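Read off the chains here:
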Amino acid sequence: MEECGLTWLHVFPYSPRQGTPAARMPQVDGRAIKARAARLRAAGQARQAAHLAAQVGREHAVLMENPHMGRTAQFAEVAFGAAQPEGLIVQARIAGHDGRQLRAA
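Because the structure is a prediction, the values reported are computed rather than measured.

A. Representation of the pattern of salt bridges within the structure. Following the criterion strictly, the structure yields 6 salt bridges and no others. When the shortest N-O distance is used, the salt bridge between glutamate 2 and arginine 47 registers 3.2 Å. Taken together, the residues glutamate 2 in the segment before α1 (30-55) and arginine 47 in helix α1 connect sequence positions 45 residues apart. Residue classification places glutamate 2 among the exposed positions, given a relative accessible area of 55%. Among the residues examined, arginine 47 registers a relative accessible area of 22% and is labelled partly exposed. Notably, a salt bridge pairs arginine 31 with aspartate 29, separated by 3.1 Å at the nearest N-O pair. In this structure aspartate 29 comes out as partly exposed when scored by relative accessible area, which is 38%.

B. Geometry of the nonpolar core. One finds Leu52, Val62, Met64, Ala76, Val78, Phe80, Val90, Ala92, Ile94, Leu102 and Ala104 forming the largest nonpolar core, which totals 11 residues. At 3 residues, strand β4 (residues 89-97) tops the list of elements feeding residues into this core. Ignoring anything within four residues of it in the chain, the contact list for valine 62 reads Gly70, Arg71, Thr72, Val78, Phe80, Leu88, Ile89, Val90 and Ala92.

C. Spotlight on the environment of glutamate 59. Among the secondary structure elements, glutamate 59 is positioned in strand β1 (residues 59-66). When the C-alpha positions of glutamate 59 and arginine 36 are compared, they lie 36 Å apart, and in sequence the two are 23 residues distant. Discounting residues that sit within four places of it in the chain, glutamate 59 has contacts with Gln91, Ala92 and Arg93. Looking at glutamate 59, its side chain comes within polar contact range of the side chain of glutamine 91, at 3.2 Å.

Criteria and thresholds
Residues numbered from 1 in each chain as written. Predicted model: local features only at pLDDT ≥ 70, side-chain atom pairs only at ≥ 80, totals over all residues. Heavy atoms only, no water. Salt bridge = Lys/Arg side-chain N within 4 Å of Asp/Glu carboxyl O. Helix = DSSP H or I, 4+ residues; strand = E, 2+ residues; numbered from the N terminus. Buried < 20%, exposed > 50% of the residue type's maximum accessible area, 1.4 Å probe, protein only. Core = buried A, V, L, I, M, F, W, Y, C linked by side-chain atoms within 4.5 Å. Contact = heavy atoms within 4.5 Å. Polar contact = N/O pair within 3.5 Å; in protein donor to acceptor, adjacent residues only side chain to side chain.

Spelled out as structure tokens, the structure:
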């Protein structure tokens with residue numbers, strides 16, 4: 001994750017599907033699967049928070065998904081206090097974040 005510079009993770013445990021080569025392999029203990037997924041989710045949340053913090057003070061082009069939320073080209077959500085035109089790209093200076101979403105100035 002660090003080497004690849006990943007920021008946004010979707011972590012879910014593997015579940016075997018009957019008839020696939022992976023289903024015939026020795027299976028990992030369920031407790032180990034849950035612990036690994038939890039560690040990966042925590043690392044992902046830390047990477048996401050660091051990425052969001054690095055955006056504060058920067059200006060971004062934001063594609064508006066609804067009047068109060070859009071996304072940067074890097075897929076970060078940006079919350080707006082004032083309504084923006086849905087479906088358009090607007091310029092926004094980033095004032096802060098909540099660990100999950102950027103906040104436009």
